[in-house]
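Close look at the chain arrangement
The primary structure of each chain is shown beneath.
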Amino acid sequence: MTAALPTVEAPCAVCGDNGADPVWATPDRAFAVPGHYTVARCRGCGFLYQRPRVRDDHLAACYPDHYPRHQEPSPRMPIKGSRSRQRAARWALARGLGYEAFHDRSVSLATRLRGRRLLRKIRWGCPPWVGAGRYLDVGCGSGGSLALARRFTDELHVGDILTAPFAPGRFDVVSAFHVLEHVPDPVGVTRRMLEWLAPGGLLIVEVPNAGGLGARLFGGAWAGLELPRHLSHFTPATLEAVVEKAGGKVVWTWHQAKPRTYLWSLSAWLSDRGWAALARATERRAVYGVLKLGLELLVPLARGARRGEAIRIGAVRSRPA
C-alpha cells in the first residue's frame, strides 16, 4: 500500500486565524493519489481550505502524467467556420469586447443578430480589450494557450508566479483560469497579479464555486473539490475577500455551470452511499444523455440564481502597487 503524501498544518490564508472546523473529507476520486483529505472552514472568516494540506515540496505528486488539464488541446479560436460566421464573430468581438480593429459599419442585420447569439460564448472564452491590449495569462495547463501565444509573442516565463520577472504595471489584462485554487498562497498570488496591472487594467480570475448549487447538493461528493489538488475552495464572498486583502476590488462577477459537472458529482454521491451499480448506470451513454438533457434546463437557473459551478470575477487595483 502506497503511503499518503506528507501534509502540513497551516492557518487560514485569508485572515490568518488558526482555528478551523472540518466540513468535507474525501480521498482523491479522480486519480487515487494516496491519502484522505479534509476541507475545513476558518472560524475567523469562513474561508474553506484543505487542512492539513499537502506539503509544498510534494504538490507535484498530486498531478499524474495523464492529468487532463495537462493533456488538453489548444484553445478554440473564436474566429472560425464559414465566412458569415467569421463576420459575426468579428462583429461580436468589436461590439461586445472592445476589439475595435474588427469594427465594421457595413455588416448586415443578419450578421449582427448572429453576432449577438455568439457573444455569450465568445465573451466567456475571450478577455475584453483593455488599454493597449497587453495581455498576460497565468497558468499554462497543457501549454495549449502557450502554443497559441507564440504566434504573437516570445515573452514567456516558466516558473513560480511569485518570482516571475514581469515589471509592475506591465499589462492591461491579466487572467488566471482555474489556477488560484491550486496555489498555497492565493492572497500572495493575487497581489502579484494586481501589481502587474497598468492603470485602468483588469484582473480576471475564475475558480470553482464552493458556494454554488453543486456543492450544496452533493457536499463531499461535489466534483469541484478535486482533492488533494485544490488547496482552496472559494465562494463569491471569500474570493472577494482574497482580492481585497491583495489590494484589489471586484467590479463584476459571472457564474457558469455545465451539466457534466453535476453528473460527475451525482456519480460520486451515489457511490458514497453504496449504490455503485446505479452510479455506473448514470455513466452509460444513453442514461447520461437523458440526464444531461434534463440538466440543460437547470443550468440557466443556477446561473441566474448566482449559484453556478464556476465563478469568474473581474477586479481592479484599489490602491497603488
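Residues numbered from 1 in each chain as written. Predicted model: local features only at pLDDT ≥ 70, side-chain atom pairs only at ≥ 80, totals over all residues. Heavy atoms only, no water.

1. Describing the sheet that holds strand β7 (residues 171-177)
The strands that make up a sheet pair up through hydrogen bonds in the backbone, lying either parallel or antiparallel. As summarised here, the arrangement of the five strands in space is β6-β7-β8-β11-β10, forming an open sheet in which the pairing is mixed. Of all strands in the sheet, those with a lone pairing partner are β6 (135-137) and β10 (248-256), marking the two edges. On average, each strand axis in the sheet is tilted by 15° relative to the strand beside it, whichever way the strands run. Packing against the sheet, helix α4 (residues 186-195) makes contact with β7, β8 (197-208), β10 and β11 (310-317), and its axis sits at approximately 145° to β8. Of the strands in this sheet, β8, β10 and β11 touch helix α6 (residues 236-245), which is tilted by about 150° from β10. (Pairing = 2+ DSSP bridges. Helix = DSSP H or I, 4+ residues; strand = E, 2+ residues; numbered from the N terminus. Axes fitted to C-alpha atoms, helices over the stretch in contact; angles between N-to-C directions. Contact = heavy atoms within 4.5 Å.)

2. Observations regarding α4
In terms of burial, α4 is largely enclosed, as eight of its 10 residues are buried. Among the residues of α4, those classed as buried are P186, V187, G188, V189, T190, R192, M193 and L194. Those residues of α4 hidden inside the fold are in contact with β7, β8, β9 (232-233), α6, β10 and β11. (Buried < 20%, exposed > 50% of the residue type's maximum accessible area, 1.4 Å probe, protein only.)

3. With respect to the packing of helix α7 (residues 259-272) against helix α9 (residues 285-304)
Helix packing geometry: the angle between the two helix axes and the distance between the axes. With their axes 8 Å apart at the nearest point, α7 and α9 run at an angle of 120° to one another. For the crossing formed where α7 meets α9, the hand is right-handed. Mapping the contact onto sequence places P259, R260, Y262, L263 and L266 in α7 and Y288, L291, K292, L295, E296, V299 and A302 in α9. Grouping the constituent residues of the contact of α7 with α9 by class yields nine nonpolar, no polar and three charged. (Left-handed = near helix turned anticlockwise from the far one by under 90°. Nonpolar A, V, L, I, M, F, W, Y, C, P; charged D, E, K, R; others polar.)

4. A look at the pattern of salt bridges
This model, assessed by the stated rule, comprises 11 salt bridges. For D56, the salt bridge is made with R53, and the minimal N-O distance between the two is 2.6 Å. Its relative accessible area of 14% is what places R53 among the buried residues. Notably, a salt bridge pairs E206 with R312, separated by 2.6 Å at the nearest N-O pair. (Salt bridge = Lys/Arg side-chain N within 4 Å of Asp/Glu carboxyl O.)

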